[in-house]
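Chain by chain, the residues:
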Amino acid sequence: MAAKYKHILFDLDNTLWDFETNSEKTLREMFVKYELDKAFDSFVHFHNLYVFRNTQLWYSYHNKQINKKFLNFERFNYPLQQVGIDNPELVKTLSFDYLQVCAMQKALMPHANEILEYLKENRYHMHILSNGFEEVQYLKLKNSGLDKYFEHIILSEKVGALKPDRRIFDYAITSLNARKKEVIMIGDNFEADIEGAKNAGIDQLYYNPKEQPAISFNPTHMVSSLSEIKSIL
Ligand SMILES: [Mg+2]
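Source: prediction; values computed, not measured. Residues take numbers from 1 onward in each chain, read along the sequence in its written order. Two thresholds apply to this predicted model, a pLDDT of at least 70 for residue-level local features and 80 or more for giving and counting side-chain atom pairs, whereas whole-chain, interface and lining totals are computed over all residues. Note: side-chain values were computed over all heavy atoms of the structure, leaving out hydrogens and water.

Draft legend 1. Inspection of the coordination of the magnesium ion at higher detail. Keep in mind that water is not among the atoms, so a site may look incomplete; donors are the N, O and S atoms within 2.8 Å of the metal, or 3.2 Å for Na, K and Ca. Distances from the magnesium ion to its protein donors, namely Asp-11 (OD), Asp-13 (O) and Asp-188 (OD), fall within the range 2.1 to 2.2 Å. Donor residues for the magnesium ion sit on one chain with the sequence pattern D-x1-D-x174-D. Of this pair, Asp-11 sits in the loop between strand S1 (7–10) and helix H1 (19–33) while Asp-188 is found in the loop between strand S4 (183–187) and helix H9 (190–199), placing the two residues 177 residues apart along the sequence. Residue classification places Asp-11 among the buried positions, given a relative accessible area of 7%. Runs of H or I in DSSP of at least four residues are treated as helices and runs of E of at least two as strands, each being numbered from the N terminus. Partly exposed residues are those whose accessible area sits between 20% and 50% of the maximum for their type, while under 20% is buried and over 50% is exposed, using a 1.4 Å probe and protein chains only.

Here it is in structure tokens:
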């Protein structure tokens with residue numbers, strides 16, 4: 001296949017690094033370590049409350065209504081308050097420990113290593129474009145062994161704009177010294193990764209492993225498994 005693209009921008013969480021699995025594993029460890037079974041009916045009870053609030057908080061963070069510190073605090077404060085615990089010190093401990101322990105986890109999305117090896121052999125320049133927190137994204141990349149594939153790590157916190165904000169895509173293009181038509185964005189979040197890239201004039205490959213139907217336009221490419229990328233790139 002003709003090499004149309006030179007650069008690939010990859011999202012990290014839930015595109016390459018299995019955030020859902022790694023986060024749940026971390027929360028399970030913390031549930032045991034901090035004896036949260038004394039307060040909650042079950043791990044699922046705690047986890048459902050955490051995920052419910054965390055999803056809302058990330059939405060607000062993306063819309064710049066709250067800052068990172070509040071997000072980190074409130075996602076643990078909320079489940080504890082639901083079971084009648086008002087303990088800011090415990091909340092701070094949990095939120096600090098969560099970030100440290102989660103960054104040590106190594107689960108990747110299916111075929112992540114295989115496709116990165118394939119793309120490397122085919123001489124693509126690969127980079128990370130992520131909205132995740134600066135202090136944990138580098139650790140995740142290193143601990144999971146993904147770091148060796150990437151030339152530029154572009155994080156929203158450093159740029160001062162979150163995907164889908166066009167500025168982070170423009171920043172990436174400038175940093176890579178690339179032309180837009182040489183670049184493709186691969187990500188699992190339709191709004192942040194795919195709409196963001198389209199609005200910035202970059203081709204998009206939507207990784208949609210859960211085959212979610214709700215999309216507002218047809219991306220350049222769509223796959224439900226990373227292994228399908230071999231027939232595209
Ligand atoms: Mg993602």
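Back to the text.
Draft legend 2. Expanded view of the packing of helix H2 (residues 43–62) against helix H3 (residues 68–82). Relative to each other, H2 and H3 sit at 150°, their axes nearing to 9 Å. The angle between the axes of H2 and H3 places the two elements in the roughly antiparallel class. For the pair H2 and H3, the crossing hand works out as right-handed. Note on element contacts: H3 touches H2 through Lys-68, Phe-70, Leu-71, Glu-74, Arg-75, Phe-76, Tyr-78, Pro-79 and Gln-82, opposite Phe-46, Leu-49, Tyr-50, Phe-52, Arg-53, Asn-54, Leu-57, Trp-58 and Tyr-61. A class-by-class count of the residues in the contact of H2 with H3 yields twelve nonpolar, two polar and four charged. Working convention: axes come from line fits to C-alpha atoms, limited for helices to the stretch in contact. Angles between N-to-C directions cover 0 to 180 degrees. Throughout, the term roughly parallel applies to angles under 35 degrees, roughly antiparallel to angles over 145, roughly perpendicular to angles from 65 to 115, and oblique to all others. Throughout, a crossing is termed right-handed when the near helix is turned clockwise from the far one, and left-handed when it is turned anticlockwise from it by less than a right angle. Residue contacts are defined here by distance: any two heavy atoms, one from each residue, within 4.5 Å place the two residues in contact. Only Asp, Glu, Lys and Arg are considered charged in this grouping, and only Ala, Val, Leu, Ile, Met, Phe, Trp, Tyr, Cys and Pro are considered nonpolar; every other residue, Gly among them, is considered polar.

Draft legend 3. Geometry of the side chain of Asn-131. Note on placement: Asn-131 falls in the loop between strand S2 (125–130) and helix H6 (134–143). As used in this structure description, the phrase polar contact means that two N or O atoms lie within 3.5 Å; if the pair is within protein, one of them must be able to donate a hydrogen and the other to accept it, and residues adjacent in sequence are counted only when both atoms belong to side chains. A distance of 3.3 Å separates the side chain of Asn-131 from the side chain of His-62, its partner in a polar contact. Here the side chain of Asn-131 touches Lys-163 through a polar contact of 2.9 Å, landing on its backbone nitrogen. Beyond its immediate stretch of four places on either side in the chain, Asn-131 contacts Trp-58, His-62, Ser-156, Leu-162, Lys-163 and Ala-192.

Draft legend 4. Expanded view of the domain arrangement of the chain. Here the chain is partitioned into domain 1 (7–18 + 108–231) and domain 2 (20–102). Listed per partner, the contact involves twelve residues of domain 1 and 13 residues of domain 2. Interface area for domain 1 against domain 2, summed over the two sides, is near 1,300 Å², with a carbon-plus-sulfur share of 52%. Two parts placed together each lose some accessible area; with a 1.4 Å probe, that loss summed over both constitutes the buried area. Of all residues in domain 1, the largest losses of buried area upon contact with domain 2 belong to Asp-18, Phe-133 and Leu-162, amounting jointly to 45% of the total for that side. We define a salt bridge as a contact between a side-chain nitrogen of Lys or Arg and a carboxyl oxygen of Asp or Glu at a distance within 4 Å. Our count for the contact surface shared by domain 1 and domain 2 stands at three salt bridges. Notably, a salt bridge pairs Lys-68 with Glu-157, separated by 3.0 Å at the nearest N-O pair. Counting every contact that joins domain 1 to domain 2 gives eight residue pairs in polar contact (both at pLDDT 80 or more). Per the annotation, domain bounds derive from an automatic or database assignment of domains.

Draft legend 5. Region of interest: the pattern of salt bridges. This model, assessed by the stated rule, comprises 18 salt bridges. Residue Lys-92 is joined to Glu-89 by a salt bridge in which the shortest nitrogen-to-oxygen separation is 3.7 Å. Pair noted here: Lys-92 and Glu-89 are both in helix H4 (residues 88–102), with a separation of three residues, about one helical turn. Between Arg-179 and Glu-182 there is a salt bridge, with the nearest N and O atoms lying 3.3 Å from each other. Judged by its relative accessible area of 51%, Arg-179 is exposed. Its relative accessible area of 10% is what places Glu-182 among the buried residues. Several salt bridges share partner residues, and in doing so they unite Lys-6, Arg-179 and Glu-182 into one network.

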